[in-house]
Each structure stands twice: as structure tokens, then as C-alpha cells.
Amino acid sequence: MKKYIFSKLSVSIIAGTMAVMSCSDLTEKPDFINPSSFYASATELELGVNAVYDDLTMGNNDWFGHFYNRFVFECLVPYQVGWEKGPLQYNLGNISPADDYINTYWRQCYRAIDRANGIIETAETINDPANTAKISRIKGEALFLRAFYYYELVRYFDNPPLKTTSTQSYNDLPSNSGGMRAVLDQIYKDCNAATALLPTTYTGADAGRATKWANLTLLMKAQIWDQNWTAAKTTAETIINTGGFQLYEDFSHNFDVAHENMGERIFEGQASASANSNESTNSSAHFNPEDFPSQLGGAGWSWLSATKDFRMSYDATDKRIDGTFLESYPSSRVGKTSSGEYAIVHWSPKADYNISRFGGLVDPAADPNKPEQLIFSKAWSGKLVELDENNARTERNVIYMRYADVLLSHSEACNESGQGDPYMGINKLRARAGLTPLKGLSQSALRDAIVAEMMHEFAFEQVTYPELRRKSKFGSTPDYLGDYIKRYSTLYSVGRTPKAKDYVLPIPLIEIQGNPNVKQNASWQ
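Residues numbered from 1 in each chain as written. Predicted model: local features only at pLDDT ≥ 70, side-chain atom pairs only at ≥ 80, totals over all residues. Heavy atoms only, no water.

> Could you clarify how one ought to interpret the overall build of the protein chain in this entry?
Helix and strand counts for the protein chain come out as 19 helices and seven strands. Taken against the 2.2 N^0.38 rule, which gives 24 Å for 525 residues, the C-alpha radius of gyration of the protein chain at 23 Å falls within 12% of a compact globule. Principal-axis analysis of the C-alpha atoms places the extent of the protein chain at approximately 75 × 55 × 45 Å. Scored against the burial criterion, the 525 residues of the protein chain give a buried share of 59%. The long-range share in the protein chain, meaning contacts at least 24 apart out of those at least 6 apart in sequence, stands at 72%. For the protein chain, the accessible area works out to roughly 20500 Å², and carbon and sulfur atoms hold 52% of it. Each charge class in the protein chain was averaged separately, 51 positive and 61 negative side chains, and the resulting centres sit 3 Å apart. (Helix = DSSP H or I, 4+ residues; strand = E, 2+ residues; numbered from the N terminus. Rg over C-alpha atoms; globule rule 2.2 N^0.38 Å. Buried < 20%, exposed > 50% of the residue type's maximum accessible area, 1.4 Å probe, protein only. Contact = heavy atoms within 4.5 Å. Areas by Shrake-Rupley, 256 points an atom, 1.4 Å probe, with all protein chains shown as cover. Lys, Arg positive; Asp, Glu negative; His and termini not counted. Charge placed at Lys NZ, Arg CZ, Asp CG, Glu CD.)

> Explain the environment of T217 to me, please; I cannot follow it from the model alone.
In this fold, T217 is placed in helix 9 (residues 212-225). For T217 and R146, which are 71 residues apart along the polypeptide, the C-alpha to C-alpha distance reads 14 Å. Excluding residues that lie within four positions of it along the chain, T217 makes contacts with I239, I266, M401 and V406. Looking at T217, its side chain comes within polar contact range of the main-chain oxygen of W213, at 2.8 Å. (Polar contact = N/O pair within 3.5 Å; in protein donor to acceptor, adjacent residues only side chain to side chain.)

> Even after reading the chapter, I still don't get empty space enclosed by the protein, so can you show me in this structure?
By rolling a water-sized probe across the atoms, one finds the places where empty space is left. Taken as a whole and judged by the stated rule, the model has eight cavities of 30 Å³ or more. Along the wall of the largest cavity there are 22 residues; nearest its centre are K221, D405, S409, F458 and E467. Listing elements by their share of the lining of the largest cavity, those giving two or more residues are helix 7 (132-157), helix 9, strand 7 (398-402), helix 14 (403-417), helix 16 (443-457) and helix 17 (464-471). A per-class count over the lining of the largest cavity returns eleven nonpolar, one polar and ten charged. (1 Å grid on protein atoms, 1.4 Å probe; cavity = no way out; pocket = protein on both sides within 12 Å on 5 of 7 lines; lining within 4 Å. Points joined across faces, edges and corners; volume = space filled by probe spheres on them. Nonpolar A, V, L, I, M, F, W, Y, C, P; charged D, E, K, R; others polar.)

> How should I be thinking about the sheet that holds strand 5 (residues 343-347) in this particular structure?
Two orientations exist for strands paired in a sheet by backbone hydrogen bonds: parallel and antiparallel. If you walk across this open sheet you meet the three strands as 4-5-6, and the pairing is mixed. Strands with a single pairing partner mark the edges of an open sheet, and in this sheet they are strand 4 (328-331) and strand 6 (375-376). Note: strand 4 against strand 5, four bridges, orientation antiparallel. Paired with S328 across the strands is H346, a residue of strand 5. (Pairing = 2+ DSSP bridges.)

> When you look at the packing of helix 16 against helix 17 in this model, what are you seeing that I'm missing?
To characterise two packed helices, one gives the angle between the axes of the helices and the distance between these axes. Between helix 16 and helix 17, the shortest axis-to-axis distance is 10 Å and the interhelical angle comes to 170 degrees. Considering their axes alone, helix 16 and helix 17 lie roughly antiparallel with respect to each other. Of the residues in helix 17, those in contact with I450, V451, M454 and M455 of helix 16 are T464, E467, L468 and K471. Considering only residue class, the contact of helix 16 with helix 17 consists of five nonpolar, one polar and two charged. (Axes fitted to C-alpha atoms, helices over the stretch in contact; angles between N-to-C directions. Parallel < 35°, antiparallel > 145°, perpendicular 65-115°, else oblique.)

> Just to check I follow, could you spell out the packing of aromatic side chains for this structure?
Under the defined criterion, the tally for this structure stands at 37 aromatic pairs. Pairing Y151 with W225 gives two aromatic rings, centres 6.3 Å apart and planes at 85 degrees, and the pair type is edge-to-face. Residue Y151 is located in helix 7, and its partner W225 is located in helix 9; the two are separated by 74 residues in the primary sequence. In this structure W225 comes out as buried when scored by relative accessible area, which is 8%. In this structure, R311 is placed above the aromatic ring of W347, and the distance from its NZ or CZ to the ring centre is 3.9 Å. One residue, R357, lies across the ring of W83, its end atom 4.2 Å from the ring centre. (Phe/Tyr/Trp six-rings, centres within 6.5 Å; stacked < 30°, edge-to-face > 60°. Lys NZ or Arg CZ within 6 Å of the ring centre and 35° of its normal.)

Put into C-alpha cells, the structure is as follows:
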């Protein structure tokens, strides 16, 4: 699907219902499209499932895209910091059920889920005998995507309402009475059904669609969240032993354009402004260095970065550093060199740092002809930034699942279950990073090591907050999230203390007020 222009198709039945209510001549002159009138073949059904993928990037033209909202949520773990109002308030722990980012993320997930529900229902009844295999594959994609978006909701909100049928009216309201248990069970059901329908790989314009391996990885992640350690270990071993995956020797290949939809990259949102202006992302613009010269092609707001403290937590020999961070770039903050070029600044632990907008940038008084003065300490993301492109020309995909996740999950499942080799997976990641292998640790010590490895392996991939909250117990041990909040607060004097509300996002106020079947999470009541 990379370089492939998606045809947008709204399959929201609510929109159709509104049209019914406002058109007196509907039976004679229909003026809208709904699934029952549009889906006549596998071709139309594929257009419908394409629309379910759209929320993975910015295909629905939401400025606060699905992944950008995760950028903001991630700032609850203040290794990632920002000066714009959203990230800043999350760094301080100041959020509410009326939060714009929460509302938007919730709406995007349920929009995609409702679309998936419509595709699944239609796939079961559509009459296109020549394309039964394609219809089955599309149904498998929709099952996977529904499970994916429900998993996204569970990892932030714990108890989202469950609905597996397309919306037929405003009174068709879901309930969260079944809690997380009901949603995880549905994810299991969808993933198990999709496994038999999805291919192991795609070619051509279909590259990037959900595969059997993406589906099994999602199943494994749900099992890990459910603390179903034995099942997670088994699923991970199926992927490891039969998927044919290998880690890239070069860590940065996980995030560049040249290696998209291949190798260890299991599932990613498709972005290509050159193929479709609506398929760009604003990821790079939010992480671009403040002082990168716009004359060189890039542009952005520099709202997000990581702290100097987090950057210094990496072993100096860790080979992932170059793929994770920008270690050097041309800067417009100092004068040009004697040859008329922009000075190249380099990251250094010697550079001053604070968490303000300009904290950690090169000193504007630095001599552009003296390299030892051209240093900065702010940790910019090398995974997300496209320095020479503005947000309207971005090409990098959004990474959601990598083989590294399978390996590290296998180690966690083995460590928590007491079965199998808990060092195999984590040591493969450490070997690629050029770090010494682990051995002989207690269960709790290895648990700590897995958390540290997760933070270093997946920095800027917006998984740290949900992973730390999953592994933490407020007011008890272990409390990785609380410990990190305390460290940040002490180091940068921000006055934040951990509270129960930090450990789960609130269900949006608009949902609570509009849906009597949904109850707010306990810590937010």
C-alpha cells in the first residue's frame, strides 16, 4: 500500500442514519452511500478496508492524528518532553476527561472499529463468487484491525466499551460493563479467526497490509497484557520459529524509507505524501530540531524531544544511539562558518541543558569555526525526523510492530512464567546493540533489565507509557512509572508527584455524558 493512493470511503452508518432522518424523498432519490448500497464486489470491499487503515496515519485529515495523540500520551513518562501546551501539560501530569487529545484518539479508534464492523458484516454476505479468496482476506484484515484498535484502547484506558456490530442508530450505544476482560477476549477471538484468513506476505501495491505475522504479534501483545504468560510464550515462539524473521544488523533500517514493509518490520502505518498529499504525517515536524535551517528543506515546530538525562542513560557503546537520536545536524542558531556554510553541531554531555523550549541547544554565542563550541544536549529523535522534508512531503511510515517486540516479549513471558529461556530474546537485542549478554539474574533483576531494554529499544515509538503503567503498581512495587516521574521531578524541579490518575487515562467526558452504558475508570470517578 506504500505509494498507493487510498480511496476514502466513509462506512459510518451514523452518517447514513442522519441522511435518512433529513431526506423525505430518500426512498426515491437516495443521496448517500452506505454499505448495503455500495458493496457489490470484492473491489468495493477492499476500498472499505482501506479506510480502516487510514487512521493509522493522517489519512482522515485529523491534525491530531492517531500517532500524534500517542506522542502526547507518552509525555506522561517524562523521558519525552515538550514545550507545546499538550506535551507540557502531560509532562506535568495535568490531564482531564475533557482533554482534546483523549477525545480525538477515542473518536479515531471507534471510527475505525465501526468501519471494521461494517466490513466484517458485509464480507459474510457479499455475493462475488469469483473473488471469495480476496473477500476472505479482506475479512481477515478487518478482524485484525478491529482487534488492533481495541488493543490500542485497552493499553491506555483499561475498560473501553465493546461493540462488534456496525452502528445503526444513535441509540445503538455500547457498554463497558464487561471491562477489560471482555475486550481482551474479543481480541483473542478476532485474532484467532484472522490467522486462518491472512497471508504471510504481500507484494506490489498490497505491501503493508496486515499479515498473519502482524496478527500473531498482536495476539501475543494482548496475551502479555493479560498476563497469560504461557500462551504469550507459545505465540512468540511460533513467530520466532516459523516466521523467518531476523534483526537488521543496522538498527536504523527499522525507521528509514528504503526498508519499509520488509525485514523485521512487522506492521506499519503507510505514509507517502508523494503518492497522496493526505497520506503525509506531521511526526517529523513535531520532532525537528528547533534550529535546523528551514532553507535546507525541513520545517517544523520542535515541540518534542527527549531529556539529556534519558540520552545519557544509554551505554556509550550502544549501537542503537545513531538510529534513535540525531547526533549532529546543521544549525542556524550560530553564524555561518568562514566558508559560508551552516555550522554542524554535535551532541555532547558537556552541553548545558534545561527543559525549556531552548534548553539544550547550541550556545548562540558559539564560534561557528570552533567545533569544540558547537555542541548541544537536547535529545532529538532520529527515528521520526526527516530533516530535509517539511510535513507536507513526508515519506516515513509509522512503525507499530517490530520483531524486536516479539523477542523482548518472549523474554518477559519466560521470566514471569518460569518456563523456557528468558535470556534468548533480550540478548539478541543486546547483541545487535553491541552490549554484553545478560545471565544469572534473579527474576526481579531480569524484570528490571527488560524494562530498561524496552525503553532503550523503543524510545520515540510511543510505547513506554503504556508499557510502564502495565508493569507498575501505584503505591507499591514495582512502580517503574512512579519511579521515573519522581526522577524527572527531582532532576528538573517540576514539583510533580505520582498519583493514581497517572496510571490510566480517563474515558472521555463526552462519552460519559452521552452514553449511559459507560462508566468512568475508578481512579477518575
